[in-house]
Amino acid sequence: MNDRIPAPASRVPVDDLFAGAPPSVSIYEVGPRDGLQNEKQILPTERKLEMVEGLIDSGLKRVEITSFVNPRWIPAMADHMEVASRVKRPQGVQLSALVPNMRGLDGATRAGMEEVAVFMAASETHNRKNINKSTEDALRTYQGVVGEALSRGMKVRGYISCVYGCPYEGTVELDEVLRVCHAMRQMGVYELSLGDTIGVGTPRQVEYIFRGLMRSGIDLDNVAVHFHDTRGTALANITVALQFGIGTIDSAVGGLGGCPYAPGASGNVSTEDVVYMLHGMGVDTGVDLDKLVAISARLGGQLARELPSKYLKAHLGHCARLGQTVY
Ligand code: HMG
Ligand code: MG
């Protein structure tokens, strides 16, 4: 066994192991959408609006607030019109919403959204299960949706799911990921968010995928990472992505989340865990961790469950030791 493991060239390979990490990153908060879409307990609209307001008050500048999808498919997002119409839009904050087709785009437009996000997988089966379309049909649909959104003056983000593996097909070929990335870029999507939808990715795989993206000419300045922490590898994966200079990280407050059409997919990486790690590494996020964890604690109560965020657990333990009441 041992003779198959090559000896390390040096125990300390470079002077600064984290030299590639940018000085600051933008957190793209998906809690109100990805976070809540799979919750058993549907949060009332008023609580969602409070949640978004709190997230913005904690310093987050980009928040995905809802999805204009069919409520029969995702009942937790049925109040998309009310959420998007009533939400406050402070200056300097970019709010976004998921749209799967022209009907969704029309809803988002009526509600006053200035940014929307289209979404599809690099896996044929996941696309059929999640958006009821083949990969080719999804690309054709989005060609029209993105073009129309741009002509309405909106910004469009593009999600690619199952980049690290598919719950139905298992391995997903890098070439297919690259094909969908290039197709979305050609449509005019300003940022690609690469999703580890079921949280199977590991650091070496992140390196493999990001090297592949670079080789194929995808500009990493416009790429975000979207990790679900199903197997506890999300922060390690983010650390590798930082070495490629990735400047946008998707995360959900409390570690809420999961895709209903990705069996076994649990929460997104928690925003407070990401922020804690980044601040500790000297990477700025502009987020006030105390305010953020207070929202997370409140959501745990409202959703009547223990949220997966590690930072939240540590915070609650600390408060309990001091005899403090939380929120
Ligand atoms: P469909 O059934 O194929 O749609 O669904 P259709 O065009 O055949 O229409 C059927 C009915 O749906 C019609 O109503 C339409 O009006 C209605 P009826 O005449 O029967 O009463 N309909 C809509 N209603 C509301 N809003 C709309 C809409 N469009 C059609 N936009 C559709 C196709 C895409 C709509 C459906 O499959 C759907 O809503 N899917 C949503 C799936 C979803 O939201 N999944 C979770 C998000 S993805 C994710 O979490 C991954 C991500 O986080 C990244 C990662 O983790 O990797 C982004
Ligand atoms: Mg997701």
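Conventions and cut-offs
Residues numbered from 1 in each chain as written. Chains lettered and ligands numbered in written order. Predicted model: local features only at pLDDT ≥ 70, side-chain atom pairs only at ≥ 80, totals over all residues. Heavy atoms only, no water. 1 Å grid on protein atoms, 1.4 Å probe; cavity = no way out; pocket = protein on both sides within 12 Å on 5 of 7 lines; lining within 4 Å. Points joined across faces, edges and corners; volume = space filled by probe spheres on them. Helix = DSSP H or I, 4+ residues; strand = E, 2+ residues; numbered from the N terminus. Donors = N, O, S within 2.8 Å, 3.2 Å for Na, K, Ca; no water. Buried < 20%, exposed > 50% of the residue type's maximum accessible area, 1.4 Å probe, protein only. Near = heavy atom within 4 Å. Polar contact = N/O pair within 3.5 Å; in protein donor to acceptor, adjacent residues only side chain to side chain. Areas by Shrake-Rupley, 256 points an atom, 1.4 Å probe, with all protein chains shown as cover. Sits in = over half its atoms within 2 Å of the grid points. Nonpolar A, V, L, I, M, F, W, Y, C, P; charged D, E, K, R; others polar. Phe/Tyr/Trp six-rings, centres within 6.5 Å; stacked < 30°, edge-to-face > 60°.

**Digging into the layout of surface pockets**
Then comes step 1: Each pocket or cavity is described by its volume, and for the largest pocket that value is around 660 Å³.
Then comes step 2: In terms of lining residues, the largest pocket is bounded by 34 residues, among which F68, V69, N70, P100 and F119 are the most central.
Then comes step 3: Elements that contribute at least two residues to the lining of the largest pocket include exactly α1 (31–35), α3 (80–86), α4 (102–110), α5 (124–131) and β5 (155–161).
Then comes step 4: Considering every element that reaches the lining of the largest pocket, the biggest residue donor is α4, with four residues.

**Digging into the coordination of the magnesium ion (ligand 2)**
Then comes step 1: All of the protein donors around the magnesium ion (ligand 2) are D34 (OD), H226 (NE2) and H228 (NE2); their distances to the metal are 2.0 to 2.3 Å.
Then comes step 2: Written as a sequence motif, the donor residues of the magnesium ion (ligand 2) are D-x191-H-x1-H.
Then comes step 3: Taking relative accessible area as the criterion, H228 reaches 2% and is therefore assigned buried.

**Observations concerning the site of ligand 1**
Then comes step 1: In the region of ligand 1, 26 residues are neighbours, and N70, N101, R103, N132 and T197 sit closest.
Then comes step 2: Measuring from an oxygen atom of ligand 1, one finds a side-chain N or O atom of Q37 at 2.8 Å.
Then comes step 3: Between ligand 1 and N130 there is a distance of 2.8 Å, counted from a nitrogen atom to a side-chain nitrogen or oxygen.
Then comes step 4: Isolated, ligand 1 exposes 1,100 Å² of accessible area, and the fraction of that covered by the protein chains is 76%.
Then comes step 5: Among the detected pockets, ligand 1 sits in the largest pocket.
Then comes step 6: Those elements giving two or more residues to the shell around ligand 1 turn out to be α1, α4, α5 and β5.
Then comes step 7: The class makeup of the residues in the shell around ligand 1 is eleven nonpolar, eleven polar and four charged.

**Thoughts on the packing of aromatic side chains**
In this description, an aromatic ring pair is defined by two values, namely the gap between the centres and the angle between the planes.
Then comes step 1: Under the criterion given, the structure shown has three aromatic pairs.
Then comes step 2: Here Y164 and F227 contribute two aromatic rings whose centre-to-centre distance is 5.5 Å and whose plane-to-plane angle is 55 degrees, an arrangement assigned as tilted. In this pair, Y164 is assigned in the loop between β5 and α7 (174–187) and F227 in strand β7 (residues 223–227), connecting sequence segments 63 residues apart.
Then comes step 3: Judged by relative accessible area, Y164 falls into the buried class, the value being 5%.
Then comes step 4: With a relative accessible area of 1%, F227 lands in the buried category.
Then comes step 5: Considering the side-chain rings of Y276 and Y311, the 5.5 Å spacing of their centres and the 40 degrees angle between planes classify their relative orientation as tilted. With Y276 in helix α10 (residues 271–280) and Y311 in helix α12 (residues 310–322), this pair connects stretches of sequence that are 35 residues apart.
Then comes step 6: Relative accessible area serves as the criterion here: at 21%, Y311 is assigned to the partly exposed category.

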